[in-house]
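# Structural overview
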Amino acid sequence: MTSVPMFYAVMVIVAGLIAGVCLWARVRRELKAFVLGLTVFWFALAYGALTELLSRPKPVGFEFAQAAMTEADVLAGDVIEDEAIFVWLKFEGVSEPRAYSMPFDREAAEQLRQALAEGERSGVGVRMRLPFEGSLDDGEPRFYALPQPRLPRKPTPAPDDPLRLDHPGTPA
């Protein structure tokens, strides 16, 4: 939601400048009134269009702000056969997750399904490599489940610990 007010402000400034030029021009009052009404209508229409876009996944080809990201956490995913792959991504350093749609690719769809199943089964997250790049590299999967975290080390007792039990025949 942080980018919508910025885009809306730019649209209002541009429309206001166009309307201002028309209102200062030497034209009939009816035309000036029409341009003023059209500008007010434009403000409402632009705001409605931008807020409507908030509920739609953005195509990955239209992403410019996060395009340099090389990996992202996959919070959820859905595949519609022969249509699109939808993913809900969380980027490092960005506070809110974003929804994206990718062109359908059978191999990527299968990787996503397997990674989500493996991540749920082992209780780990799922990551996506190069979310905004159409890579032809088949070497590494695009979607993968994170490895399970290492268990914490057990504390080793000190040699002079009074609670340490030494059994005969065990090396110290």
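The rules we used
Residues numbered from 1 in each chain as written. Predicted model: local features only at pLDDT ≥ 70, side-chain atom pairs only at ≥ 80, totals over all residues. Heavy atoms only, no water. Helix = DSSP H or I, 4+ residues; strand = E, 2+ residues; numbered from the N terminus. Buried < 20%, exposed > 50% of the residue type's maximum accessible area, 1.4 Å probe, protein only. Contact = heavy atoms within 4.5 Å. Areas by Shrake-Rupley, 256 points an atom, 1.4 Å probe, with all protein chains shown as cover. Pairing = 2+ DSSP bridges. Expected span 1.5 Å × (residues − 1). Salt bridge = Lys/Arg side-chain N within 4 Å of Asp/Glu carboxyl O. Phe/Tyr/Trp six-rings, centres within 6.5 Å; stacked < 30°, edge-to-face > 60°.

Before going further, it helps to spend a moment on the overall build of the protein. Helix and strand counts for the protein come out as three helices and six strands. Shown N-terminal to C-terminal, the secondary structure of the protein runs as helices and strands in the order α-α-β-β-β-β-α-β-β. Looking at the protein as a whole, 23% of its 172 residues are labelled buried. Sequence-distant contacts, at least 24 apart, represent 53% of the contacts inside the protein between residues at least 6 apart. Split by element, the accessible area of the protein, about 12800 Å² in all, is 63% carbon and sulfur.

Within the secondary structure, Thr39 sits in helix α2 (residues 29-53). If we ignore the near neighbours within four places in the chain, the residues touching Thr39 are Ala15 and Ala19.

The next subject is unusual backbone geometry. Positive phi values are uncommon outside glycine, yet Asp82 reaches one of about 60 degrees. Of note, Asp82 is situated in the loop between β2 (71-80) and β3 (84-90).

The subject of this paragraph is the environment of Gly125. Among the structural elements, Gly125 can be located in the loop between α3 (106-122) and β5 (126-129). Separated by 19 residues in the primary sequence, Gly125 and Tyr144 have C-alpha atoms spaced 8.8 Å apart. Those residues in contact with Gly125, other than ones at most four positions away along the chain, are Tyr144, Ala145 and Leu146.

Turning our attention to the side chain of Ser101. One can find Ser101 in strand β4 (residues 98-103). For Ser101, a relative accessible area of 17% gives the class buried. Ignoring sequence-local partners within four residues, the contact set of Ser101 consists of Pro57, Lys58, Pro59, Val60, Ile85 and Phe86.

Next up on the list: the sheet that holds β2. The six strands are arranged β1-β4-β3-β2-β5-β6 in an open sheet whose pairing can be described as mixed. Strand pairing shows two members of the sheet lacking a second neighbour, β1 (58-59) and β6 (143-145), which therefore form its edges. Judged from the six bridges that link them, β3 and β4 form a sheet pairing that is antiparallel. Looking across to β4, one finds that Leu89 is bridged to Arg98.

Its 25 residues place the ends of α2 36 Å apart at the C-alpha level, agreeing with the 36 Å of an ideal helix rising 1.5 Å per residue. Residues of α2 that are buried include every one of Val35, Thr39, Ala46 and Leu50, and no others.

Quick look at the pattern of salt bridges now. Evaluated as defined, the whole model comprises six salt bridges. Salt bridges sharing common partners tie together Glu81, Asp82, Arg106 and Arg113.

Summarising the sheet, β2 and β5 pair through four bridges and their orientation is antiparallel. If you follow Glu71 over to β5, its bridge partner there is Arg129. Where β2 meets β3, seven bridges bridge the pair, whose relative direction is antiparallel. Residue pairing across strands places Val79 opposite Ile85, the latter belonging to β3.

A word on the packing of aromatic side chains. Applying the stated criterion to the full structure yields two aromatic pairs. Both rings, one in Tyr8 and one in Tyr47, keep their centres 5.2 Å apart while their planes meet at 75 degrees; by these two values the pair is edge-to-face. With Tyr8 in helix α1 (residues 3-24) and Tyr47 in helix α2, the pair connects residues that are 39 residues apart, well separated along the chain. Its relative accessible area of 41% is what places Tyr47 among the partly exposed residues.

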